Amino acid sequence: AALDAGLYVIVNIHNDGGNGVEGMWLDITKTGDEFDNVQKKFSGVWSSIANTFADYDQKLIFEGFNELNNGNYNADPNPNETANVNSLNAKFVETVRNAGGKNIDRVLIVSGYNANINNTIEGFVKPNDTSTDRLMLSVHFYDPYDFTLNENGTSSWGTESEKSYLQNQISEIAEFSSDETMPIFIGEYGAADKNNTSARADYYYWLNYYADSNTDTKIVTACWDNGDINQNGLALFDRTTNTVTPTGSTLISAIMGNPVASN
């Protein structure tokens, strides 16, 4: 249905390696034979997905995994965990290409540890690929945490230092990705609703402004909509009525490049 509507579609393994997920198996803390088994299962899953969708056109994109971390979102990875993330990226690309069909040059999205900008710059290794210029780098952005996701944090954002930090983060990952000749996909960003629509819209506007105005490499963004229209939710659309929420209308306007009245 999404493809018929003219949309691009991304299929990923979402949070099977995520913090606190029941039955989590995509575990980058494993070593030796245990991690070999993780890789075999990971390859098997992607082989099945890639074969199922082998004849779908290039509006279907695959992303290997989502926010792989060591169980602590606030902890940096050790060298083995970083190496395991890179190894899984390589296995993902190899497996999908080997599935044949239109997978041989399908756009594939790869990412660094926890999809974090700093960890990606410090540890990501671009996988080898039999197809030229068909890899895309994914990062997520939820900084500052106290504003975006901390339910007990601040409801305000927009100081010059906060804008500068946002701009610098985007510039740094753009420069890194340009060196790797890969476009960037900011696959998630967002700020929870704390009755602060104006501040959230300001945040969404500037993130997309800096992404769009960057000249180093192409940056595509995707706002995270978790379907929750209540306090501390991140929804743009009401799934029960199939309509844009009043708050969502303001945020979408900001995403599309219309600054909030205060700016």
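This text follows the structure it describes.
This one's a predicted model, so the numbers in the text were calculated from it and none came from an experiment.

### Thoughts on the packing of helix α6 (residues 197–213) against helix α7 (residues 246–255)
The interhelical angle for the contact between α6 and α7, taken along N-to-C directions, is 25°, at an axis separation of 7 Å. With respect to α7, the element α6 is oriented roughly parallel. For the element pair α6 and α7, the recorded crossing hand is right-handed. Contacts between α6 and α7 involve Thr197, Arg200, Ala201, Tyr204, Tyr205 and Asn208 from the former and Thr247, Thr250, Leu251, Ala254 and Ile255 from the latter. Taken together, the residues that form the contact of α6 with α7 break down as six nonpolar, four polar and one charged.

### Some thoughts on the pairing of strand β5 (residues 184–189)
Most of β5 sits inside the fold, with six of its six residues counted as buried. Pairing between strand β4 (residues 135–141) and β5: five bridges, direction parallel. Across the sheet, the residue bridging to His140 is Glu188, located in β5. The pairing of β5 with strand β6 (residues 219–221) spans three bridges and is parallel. If you follow Ile186 over to β6, its bridge partner there is Thr221. As a crossover connection, the stretch from β5 through α6 into β6 is right-handed.

Reading guide: rules and limits
Residues numbered from 1 in each chain as written. Predicted model: local features only at pLDDT ≥ 70, side-chain atom pairs only at ≥ 80, totals over all residues. Heavy atoms only, no water. Axes fitted to C-alpha atoms, helices over the stretch in contact; angles between N-to-C directions. Helix = DSSP H or I, 4+ residues; strand = E, 2+ residues; numbered from the N terminus. Parallel < 35°, antiparallel > 145°, perpendicular 65-115°, else oblique. Left-handed = near helix turned anticlockwise from the far one by under 90°. Contact = heavy atoms within 4.5 Å. Nonpolar A, V, L, I, M, F, W, Y, C, P; charged D, E, K, R; others polar. Buried < 20%, exposed > 50% of the residue type's maximum accessible area, 1.4 Å probe, protein only. Pairing = 2+ DSSP bridges. Right-handed = clockwise from strand over helix to strand, strands pointing away.

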